[in-house]
Amino acid sequence: MSHHPTVSCIPNTGKMSKAKKVIEEAKEINNPEIDLVDKGISSLDEIPSLFTLENITRLSLSHNKIQVVPAALANLVNLEILNLANNHIQELPVSLSSLPKLRILNVSLNRLYTLPRGFGSFPVLEILDLTYNNLNEKTLSGNFFIMDSLRALYLGDNDFEFLPPEIGNLKNLQILSMRENDLIEVPRELGQLSRLRELHLQGNRLVVLPPEIGSLDLASNKSVLRLEGNFWVPPIEDQLKLGPSHVLDYLRSETYKVLYSRHMSAKPPPPAQTLDKSKKASRAA
Amino acid sequence: MPGLATMSLDNMFCTRCSDGFEPNEKIVNSNGELWHTNCFVCAQCFRVFPEGIFYEFEGRKYCERDFQVLFAPCCGKCGEFVIGRVIKAMNANWHPACFRCEECNMELADAGFIKHGGRALCHSCNARIKADGLQNYMCHKCHGVIDGEPLRYRGEVYHGYHFTCATCGVELDHTAREVKHRPGYAANDVNNLFCLRCHDKMGIPICGACRRPIEERIVTALGKHWHVEHFVCAKCEKPFHGHRHYEKKGLAYCEQHYHQLFGNLCYVCNQVIAGDVFTALNKAWCVHHFACSVCDAALSTRSKFYEYDERPACRRCYEKFPAELRRRLRRAHHYTVRR
């Protein structure tokens, strides 16, 4: 779509003026929350007046065609919620991580292959949504796991084969989604996330789980544990048929600890990749 | 050699009177100083030193008696002078053998002592007396010692028998209750003493925390009565003082700690949900924060939404999802429905 800019721009001119109208109105009534959802915006440079709205606390830019996020967006120092879901973003500026009040950042449904160096230095980030991109453990920024204010991390629909053990640093994490990645293994350190109440591991290539997962409070009626669509060893698969709480009970058993250590020392080859990701919209050039 | 003797006599003078000496006179030599025998006397009584024993103090010589009278400390017990080791204690001087525990007569010089009520006691007697002394209240009316428990009234302690019950007139003991304030009574009626029987009949509620009667403002909660300042959050122990409290399993909590302990923080603002709560997908929202997680559009509690990683997505957003994602979500949905 980006290679037909003239074609895509002509029908959007109507929408563009709408975007400007939203900003003008927001300025007039001093509205701190800006909705620019589905306005056909392909570049934020088309609406420079946006960068003058220093008082806004929420900016929603979902369902546009933004490819480049200008570093100047970090001038909106009062932003608490920044939503860039479903755009065409391939890269993020590191300046975003200096937004002093940013609590919720949504960059899901984009085309990210990497994160900028220093991406982890958000001072107060609570919810980070990177669902449906092209990220993996090698392309995360070095300081990604220093975001200890994080309470929800959504990495579903990406390309992780391993989850770095530094995940154990995110002490406040309550929600972790790794749905439909290529995970072969999850680290023992996941067991250190004592506040975790939601763990999505469905649709990966997992065979065993570290016994430490059994110590997490994932069986209560306020918790979520999704494990289906993996290649579990038969005892786990059998318990999973009875329900996730049975899996947790089993992980705590001595029998399982023996099975797990035997499995980890034998290191059998991981199951083959089964998800065909070539059709993913995030792969679009 | 008389010449030499004469020569030397001419140069010698008495230390006291400065006069010379007669040729055949007896001369006293003390540490190189010379004296007439009549001049070598006590500086206080001017008498010859008995048996030649004298005490020197600040360049003057005294006989034993005067030296002791003037300078030696007197023992606080036997009144004799203390020569040798002096024990200075309790603002007096003592022979080591005379300074003893006033309870058990043990020598204290080396064991050490404790001052208790103006008396020097050994450690063990002090501990015993102190323990006994705790019960020994002094009656504020007759100033006699109270054996056993005192009656407490207006902040003082008394023998119970000085008072009678304001209702039945029976003589009181320490179990009597002081009533400081009662609703419906004039100020003159307050600060009365009642026997336990009459007090119980008055129906004054008992605080569920401190078990003492409540005579001022009463809080009734959790099926009990409480002093206002004793009705507190089970977590932070701060009194509610009329603020809203939350009950859980027979305990009361302040708003903050109830939510901290039992959930109901809003998924979006992460704050305690003050108003109405919307609960879905194992999460809670402030009603005005319940919104589509993809476009932030507010959702009403009646809006239809799609579940997406246990979060709500509005219909408009769901339809903008890539087709292959929608297909997978549909399949996952069937899986969860089947379960």
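Residues numbered from 1 in each chain as written. Chains lettered and ligands numbered in written order. Predicted model: local features only at pLDDT ≥ 70, side-chain atom pairs only at ≥ 80, totals over all residues. Heavy atoms only, no water.

## Structural notes on the overall build of chain B
- Each helix and strand in chain B was counted, giving seven helices and 22 strands.
- For chain B, the proportion of its 339 residues judged to be buried stands at 34%.
- In chain B, 15% of the contacts between residues at least 6 apart in sequence involve partners at least 24 apart.
- Of the roughly 21,500 Å² of accessible surface on chain B, 50% is carried by carbon and sulfur atoms. (Helix = DSSP H or I, 4+ residues; strand = E, 2+ residues; numbered from the N terminus. Buried < 20%, exposed > 50% of the residue type's maximum accessible area, 1.4 Å probe, protein only. Contact = heavy atoms within 4.5 Å. Areas by Shrake-Rupley, 256 points an atom, 1.4 Å probe, with all protein chains shown as cover.)

## So, the interface of chain B and chain A
- Opposite the 29 residues of chain B that make contact, chain A presents 44 residues.
- Roughly 2,800 Å² is buried in total at the junction of chain B and chain A, and carbon and sulfur atoms are behind 45% of that figure.
- Where A:Arg179 meets B:Asp309, a salt bridge forms, and the shortest distance between an N and an O atom there is 2.6 Å.
- Between chain B and chain A we count 16 residue pairs in polar contact (both at pLDDT 80 or more) in total.
- Those elements that place two or more of their residues in the side of chain B that touches chain A are α6 (315-320) and α7 (323-338) of chain B.
- Among the elements that take part in the side of chain B that touches chain A, α7(B) stands out by supplying six residues, more than any other.
- Residues of the side of chain B that touches chain A, tallied by class, amount to 14 nonpolar, five polar and 10 charged. (Buried area = accessible area lost by both parts, 1.4 Å probe. Salt bridge = Lys/Arg side-chain N within 4 Å of Asp/Glu carboxyl O. Polar contact = N/O pair within 3.5 Å; in protein donor to acceptor, adjacent residues only side chain to side chain. Nonpolar A, V, L, I, M, F, W, Y, C, P; charged D, E, K, R; others polar.)

## Quick look at the environment of A:Glu46
- Inspection of the secondary structure puts A:Glu46 in the loop between β1 (33-35) and β2 (58-60).
- A sequence separation of 27 residues divides A:Glu46 from A:Ala19, and the C-alpha atoms of the two residues are 9.6 Å apart.

## Regarding the pattern of salt bridges
- Evaluation of the coordinates by the stated rule reveals 33 salt bridges over all chains.
- For the salt bridge of A:Asp249 with A:Arg252, the shortest nitrogen-to-oxygen distance reads 2.5 Å.
- Note on A:Asp249: relative accessible area 45%, which makes it partly exposed.
- The residue B:Lys61 makes a salt bridge to B:Glu33 at a minimum N-O spacing of 3.9 Å. Taken as a pair, B:Lys61 in strand β4 (residues 60-62) and B:Glu33 in strand β2 (residues 33-36) lie far apart in primary sequence, 28 residues in all.
- Accessibility expressed as a relative area gives 7% for B:Lys61, which makes it buried.
- Overall, B:Glu33 belongs to the partly exposed group, its relative accessible area being 35%.
- One salt-bridge network, in which partners are shared between bridges, spans A:Asp129, A:Asp157, A:Arg179, A:Glu180, B:Asp309, B:Arg311, B:Glu324 and B:Arg328.

## Let's talk about the packing of helix α3 (residues 234-242) of chain A against helix α4 (residues 244-251) of chain A
All names here are of chain A.
- Interaxial distance between α3 and α4 falls to 6 Å at its minimum, and their mutual angle equals 140°. Relative to α4, α3 is oriented oblique. Here α3 contributes Pro-235, Ile-236, Gln-239, Leu-240 and Leu-242 to the contact with α4, which in turn contributes His-246, Val-247, Tyr-250 and Leu-251. (Axes fitted to C-alpha atoms, helices over the stretch in contact; angles between N-to-C directions. Parallel < 35°, antiparallel > 145°, perpendicular 65-115°, else oblique.)

## Quick word on unusual backbone geometry
Residues and elements named next belong to chain A.
- The phi dihedral of Asn-30 falls on the positive side, at around 55°, and the residue is not glycine.
- With respect to the element layout, Asn-30 can be found in the loop between α2 (13-29) and β1.
- Despite not being glycine, Lys-267 has its phi angle at roughly 45°, a positive value.
- Relative to the assigned elements, Lys-267 resides in the segment after α5 (254-266).

## A closer look at the sheet that holds β2(A)
All names here are of chain A.
- Read from one edge of the open sheet, nine strands run β1-β2-β3-β4-β5-β6-β7-β8-β9, paired in parallel fashion. The open sheet is flanked by β1 and β9 (224-226), the only strands paired with a single partner. Going from strand to strand, the sheet's axes swing by 5° on average, the running direction of each strand aside.
- Here strand β6 (residues 152-154) runs beside strand β7 (residues 175-177); their pairing, made up of three bridges, is parallel. Among the inter-strand pairings, Ala-152 is bridged to a residue of β7, identified as Ile-175. (Pairing = 2+ DSSP bridges.)

## Considering a positive patch on the surface
- Together, A:Lys279, B:Arg327, B:Arg330 and B:Arg331 line one region of the surface with positive charge.
- Note on placement: B:Arg331 falls in helix α7. (Patch = residues over 30% accessible without salt bridge, like charges linked within 9 Å, V, L, I, M, F, W, Y side chains within 5 Å. Lys, Arg positive; Asp, Glu negative; His and termini not counted. Charge placed at Lys NZ, Arg CZ, Asp CG, Glu CD.)

## Brief notes about the confidence of the model for chain B
Residue and element names in this part refer to chain B.
- Chain-level statistics for chain B give a pLDDT mean of 82 and a share of 91% at 70 or above.
- A low-confidence stretch, residues 1-7 stays under pLDDT 50, and its non-local contacts, those more than four residues away or across chains, total zero contacts.
- Reported confidences for the modelled complex are a pTM of 0.61 and an ipTM of 0.89. (pLDDT = per-residue confidence, 0-100.)

## Let's talk about the packing of aromatic side chains
All names here are of chain B.
- Overall, the coordinates contain 29 aromatic pairs over all chains when judged by the stated rule.
- Geometrically, the ring pair formed by Phe-99 and Phe-113 is edge-to-face, given 5.2 Å between the ring centres and 90° between the ring planes. Of this pair, Phe-99 sits in the loop between β6 (92-94) and β7 (114-116) while Phe-113 sits in the loop between β6 and β7, and the two are 14 residues apart along the sequence.
- For Phe-99, a relative accessible area of 3% corresponds to the buried category.
- Arranged with centres 5.6 Å apart and planes meeting at 80°, the rings of Phe-290 and Phe-305 form a pair that is edge-to-face. (Phe/Tyr/Trp six-rings, centres within 6.5 Å; stacked < 30°, edge-to-face > 60°.)

## Some thoughts on the environment of A:Val258
- Checked against the element boundaries, A:Val258 lands in helix α5.
- A residue is classified by how much of its surface remains accessible, and A:Val258, at 40% relative accessible area, is partly exposed.

## Concerning the side chain of A:Asn204
Residues and elements named next belong to chain A.
- Looking at where Asn-204 falls in the secondary structure, it is placed in the loop between β8 (198-200) and β9.
- A distance of 3.0 Å separates the side chain of Asn-204 from the backbone nitrogen of Leu-183, its partner in a polar contact.
- A polar atom in the side chain of Asn-204 sits 3.0 Å from the backbone oxygen of Leu-201.
- Discounting chain neighbours no more than four positions away, the residues touching Asn-204 are Met-178, Arg-179, Glu-180, Asn-181, Asp-182, Leu-183, Gly-229, Asn-230 and Phe-231.

## Some remarks on the confidence of the model for chain A
- Mean pLDDT for chain A: 91, with 94% of residues reaching 70 or above.
- Note that residues 4-11 of chain A has pLDDT below 50 and, in this model, zero contacts with residues that lie over four places away or in other chains.

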